[in-house]
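One-letter residues, chain by chain:
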Amino acid sequence: MNLEAMRFIKKMSKLIITLFGATGDLTLRKLLPALENIIKNEKHPENVTILAIGRRKFTSEDYLNFVVESKLFKGDINLLRKHLIYVEVDAYQSATYENLHLLYKGLTKNIADVRTIFYLAVSPELFMPITENLKANKLIKKGDLNTIIAFEKPFGHTFEDALYINEYLEKELHRNQIYRVDHYLGKEMIQNIIDLRFSNTLVSALWSNKYISEVKVIVSEKDGILNRGAYYDEVGVLNDMVQSHLLQVLALLIMDIPKSLSSKDISKAKIKALKKVKYDASNSLLGQYDGYRQEKGVSEDSLISTLAFLTFAVEDKRFAGVPFYLFTGKKLAKKEAYIEVILKDAPGSHLFKNTSANRLIIELAPESRISLEINGRTDGNNNEVSKLVLDHCFTCLFPSAVKEAYEALFIEMINGHRTLFPSWEEISVSWDIICQIRDEKPRYIIYEPGFNLGGKNE
Ligand code: BG6
């Protein structure tokens, strides 16, 4: 049961979520299912309205048929039917927002408490025009913290681009009306990094170069670029995965204890951490899968990378000498995502046969689980040990209790919290790191689809 959202709805009498990019893959695969769950768990579902915005001339029923026919949405279409209205808007044309404005007026008439989320699942070129048109049509007003806008990643295609967009947004809106989305922060196991690190003596005592020998963050994907060739050929793996998701994970792994768990203090700690990150070009590589250039929407001489193996050092006393590896790619042997912390040998390990390095593994996919591998006595052998795995698999034990990342993000936005959203300063430091990689390009390879990274159990 979604208690946080329920509490919110008790206070608010109307929640309107407006989705720009309603016909896009992300809306169909992730946003609609997340909203469906939110509605299902609400005490007052009748208070929730979803406005799906697109350029196509659809009625709401046409849109729902489109959703079903896409086969990407696997949820309950009849539930959506009760809450969803399709509105035709051309994002660039202010006059076309008139319908949206009228609809809003109708939906919110005589209602004092309205929470409005505009979710922009569109490319960054549209962030400024949409914001401008929402303002011009009185759908959002600077400083009204009950009306917010969420910007899906990528937040700009280059640092300059991101800076320009951000300056515009911070001029036109209050800072707290701007939510920059990075869905990795909504993943339970990513949120768990903070809990694990700072609430356990066992983990926090080990968290330094005295005990850690290396750390890997692996996101291996089996899929290629699906039907997103035009998008992907502009961003590549560095912007698509590293600048956002993986550097956020790295920041959580290396940051100091924040003053409190408030979004401000966590963000401060992450920024400080990211500023210490130094990329090591000689131990990194980028690659492209064979066949990528033949994908729809991709240029035939594209040099965009679909794989990144990046090595970083953290320039402080605590992590001096510990390599941090970020590894991600498309068209690999399997879909698997995890963080692996490998510890140094114990001082007495030479006394035993068959020891293996202790490892802490935080798995994001296919399951959500935490496991700690230690050495333990093997029956009948005095000095031989074997690997024991202390394992807690959240998704195996409580499949429905693990929220999907986007659902967690919507709940955070509904409640007006910001911890699961990166601040502009975090994004800006991440861009500095991407610039280091662009300035000093590592080795480049072409790899065969199905390339096997090895995996945590191989
Ligand atoms: C998205 C990227 O942000 O994250 C995709 O645009 C990538 O290219 C996806 O596949 C990975 O997310 P997840 O949740 O499947 O690990």
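Preceding this paragraph is the structure being described.
Remember, predicted model here, so these are calculated numbers, not experimental data. (Residues numbered from 1 in each chain as written. Predicted model: local features only at pLDDT ≥ 70, side-chain atom pairs only at ≥ 80, totals over all residues.)

> Talk me through the packing of helix H2 (residues 25–41) against helix H13 (residues 405–414); I want residue IDs and the actual numbers.
A packed helix pair is summarised by two numbers, namely the angle formed by the two axes and the spacing between the axes. In the contact formed by H2 and H13, the axes pass within 8 Å of each other and the chain directions differ by 60°. With respect to each other, H2 and H13 are oriented oblique. Here the hand of the crossing between H2 and H13 comes out right-handed. Where H2 abuts H13, its residues Lys30, Leu31, Ala34, Leu35, Asn37 and Ile38 lie against Tyr406, Glu407 and Phe410. Considering only residue class, the contact of H2 with H13 consists of six nonpolar, one polar and two charged. (Axes fitted to C-alpha atoms, helices over the stretch in contact; angles between N-to-C directions. Helix = DSSP H or I, 4+ residues; strand = E, 2+ residues; numbered from the N terminus. Parallel < 35°, antiparallel > 145°, perpendicular 65-115°, else oblique. Left-handed = near helix turned anticlockwise from the far one by under 90°. Contact = placed C-beta atoms within 7 Å. Nonpolar A, V, L, I, M, F, W, Y, C, P; charged D, E, K, R; others polar.)

> Quick rundown of the nonpolar core? Include the residues and the values.
Among the nonpolar cores identified, the biggest contains 109 residues, and Leu19, Phe20, Leu120, Ile149 and Leu250 are the most heavily contacted of them. If one sorts the elements of this core by residue count, helix H10 (residues 229–254) sits on top with eleven residues. Two domains each provide a minimum of three residues to this core, namely domain 1 (3–181) and domain 2 (185–447). When neighbours within four sequence positions are excluded, Ile149 is seen to be in contact with Phe118, Leu120, Thr131, Ile140, Leu173, Gln177, Ile178 and Tyr179. (Core = buried A, V, L, I, M, F, W, Y, C linked by C-beta atoms within 7 Å. Buried ≥ 20, exposed ≤ 12 C-beta atoms within 10 Å, placed from the backbone. Domains from an automatic or database assignment.)

> Run through the site of the ligand, naming residues and quoting values.
Near the ligand you find Val219, Glu221, Asp240 and Ala337, and these make up its full shell. When grouped by side-chain class, the residues that make up the shell around the ligand number two nonpolar, no polar and two charged. (Near = placed C-beta within 6 Å.)

> So what about the sheet that holds strand E6 (residues 178–180)? Which residues, and what values?
Think of a sheet as strands paired side by side through backbone hydrogen bonds, with each pair either parallel or antiparallel. Strand order in this open sheet of six strands is E3-E2-E1-E4-E5-E6, and the pairing throughout is parallel. Single-partner strands in this sheet number two, and they are strand E3 (84–88) and E6. The mean angle between the axes of side-by-side strands here comes to 20°, regardless of whether they run parallel or antiparallel. Where strand E1 (residues 14–20) meets strand E4 (residues 114–120), seven bridges bridge the pair, whose relative direction is parallel. What sits directly across from Phe20, in E4, is Leu120. Contacting E1, strand E2 (48–54) and E4, H2 runs over the sheet at an angle of about 175° to E1. Together, E1, E2, E3 and E4 form the strand contacts of helix H5 (residues 98–108), whose direction differs from that of E3 by roughly 150°. (Pairing = 2+ DSSP bridges.)

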